[in-house]
Amino acid sequence: MNSINYINDALKDLDEQVQKILLDWSIPLNEKDNLMLPILQQKKVLTQTLEDLTYLKENPPSPNQPCGISKYRDDN
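What counts and what doesn't
- Note that residues are indexed from 1 along each chain, following the sequence as it is written.
- Reporting in this predicted model follows two pLDDT cut-offs: at least 70 for local features of residues, and 80 or more for side-chain atom pairs to be given and counted; totals over whole chains, interfaces and linings ignore these cut-offs and use all residues.
- As a rule here, side-chain values cover all heavy atoms of the structure and leave hydrogens and water aside.
- Strands are runs of DSSP state E lasting at least two residues, helices are runs of H or I lasting at least four, and both sets are numbered from the N terminus onward.
- Any residue under 20% of the maximum accessible area for its type is buried, any over 50% is exposed, and the rest in between are partly exposed; the area is computed with a 1.4 Å probe on protein chains only.
- By the convention used here, residues are in contact when the closest approach between their heavy atoms is within 4.5 Å.
- All accessibility values rest on the Shrake-Rupley procedure with a 1.4 Å probe; residue burial counts only the protein chains present in the view.
- By definition, a salt bridge exists where a carboxyl oxygen of Asp or Glu is found within 4 Å of a side-chain nitrogen of Lys or Arg.
- The axes are straight lines fitted to the C-alpha atoms, using for helices just the contacting stretch, and the angles between their N-to-C directions are given from 0 to 180°.
- Angles are sorted into four bins: roughly parallel if under 35 degrees, roughly antiparallel if over 145, roughly perpendicular if 65 to 115, and oblique for all others.
- If you view the pair so one helix is near and one far, a crossing is left-handed when the near helix is turned anticlockwise from the far one by less than a right angle, and right-handed when it is turned clockwise.
- The nonpolar class holds Ala, Val, Leu, Ile, Met, Phe, Trp, Tyr, Cys and Pro. Asp, Glu, Lys and Arg form the charged class, and all remaining residues, Gly among them, are polar.
- Whether two aromatic rings pair depends on their centres lying within 6.5 Å, for rings of Phe, Tyr and Trp, where Trp uses its six-membered ring; planes under 30 degrees apart make the pair stacked, over 60 edge-to-face, and the rest tilted.
- Over a ring means this: the NZ of a Lys or the CZ of an Arg is within 6 Å of the ring centre and within 35 degrees of the ring normal.
- Under the convention used throughout, the expected extent of a helix is 1.5 Å for every residue step, that is, one less than its residue count.
- In this scheme, the bend at a residue equals the angle between the axes fitted to the seven residues that finish there and the seven that begin there.

Which parts of the structure should I look at to understand the overall build of the protein?
Across its full length, the protein holds 3 helices and 0 strands. Expressed as a percentage of the 76 residues in the protein, the buried residues total 20%. Sequence separation of 24 or more characterises 50% of the internal contacts of the protein that already satisfy a separation of 6 or more. Split by element, the accessible area of the protein, about 6000 Å² in all, is 54% carbon and sulfur.

I tried to follow the pattern of salt bridges on my own but got confused; where do I start?
Close approach of charged atoms allows side chains with opposite charge to pair. Tallying each qualifying case throughout the model produces 1 salt bridge. Measuring nitrogen to oxygen at the nearest pair gives 2.4 Å for the salt bridge that ties Lys43 to Asp15. Separated by 28 residues along the polypeptide, Lys43 in helix H2 (residues 29-58) and Asp15 in helix H1 (residues 2-23) bring together distant segments of the chain. The exposure class assigned to Lys43 is partly exposed, which follows from its relative accessible area of 26%.

Hey, could you run me through the packing of H1 against H2 in this one?
Between H1 and H2, the shortest axis-to-axis distance is 9 Å and the interhelical angle comes to 160°. Between H1 and H2, the angle falls in the class roughly antiparallel. The two elements H1 and H2 meet at a crossing, and its hand is left-handed. For the contact of H1 with H2, the residue count by class is 15 nonpolar, 7 polar and 4 charged.

Would you explain the packing of aromatic side chains in this entry?
In this description, a pair of aromatic rings is defined by centroid distance and the angle of the planes. This model, assessed by the stated rule, comprises 0 aromatic pairs. In this structure, Lys32 is placed above the aromatic ring of Trp25, and the distance from its NZ or CZ to the ring centre is 5.3 Å.

I tried to follow H2 on my own but got confused; where do I start?
Residues separated by three or four positions in an α-helix point in the same direction, a consequence of the helix having 3.6 residues per turn. The end-to-end C-alpha distance of H2, which contains 30 residues, comes to 41 Å, matching closely the 44 Å that a straight helix rising 1.5 Å per residue would cover. Along H2, the helix axis deviates most sharply at Met36, where the bend reaches about 35°; the proline Pro38 sits within four residues downstream. When H2 is considered as a whole, its buried residues turn out to be Lys32, Met36, Ile39, Leu50, Asp52 and Leu53.

Even after reading the chapter, I still don't get the environment of Val18, so can you show me in this structure?
Note on placement: Val18 falls in helix H1. Note: C-alpha distance between Val18 and Ile39 (21 residues apart in sequence) is 7.4 Å. Once you skip the residues sitting within four places of it in the chain, Val18 turns out to touch Met36, Ile39 and Leu40.

Next comes the structure, spelled out in structure tokens:
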């Protein structure tokens, strides 16, 4: 699935962005938090999407049946 590859690449890019922010000593801590929050939110959504797609790839739904993702998900 190409979408899984794209999501993995996006997650790597987000990790790199977070590392750049963390390693930049010129940015105050509270500003780092403000810069990283939207990145980490994006990462959370992409991670959940990746888990969902991986589940569907490994457990494809039968025709005319719901996918069953809601049973698989552990929404905390």
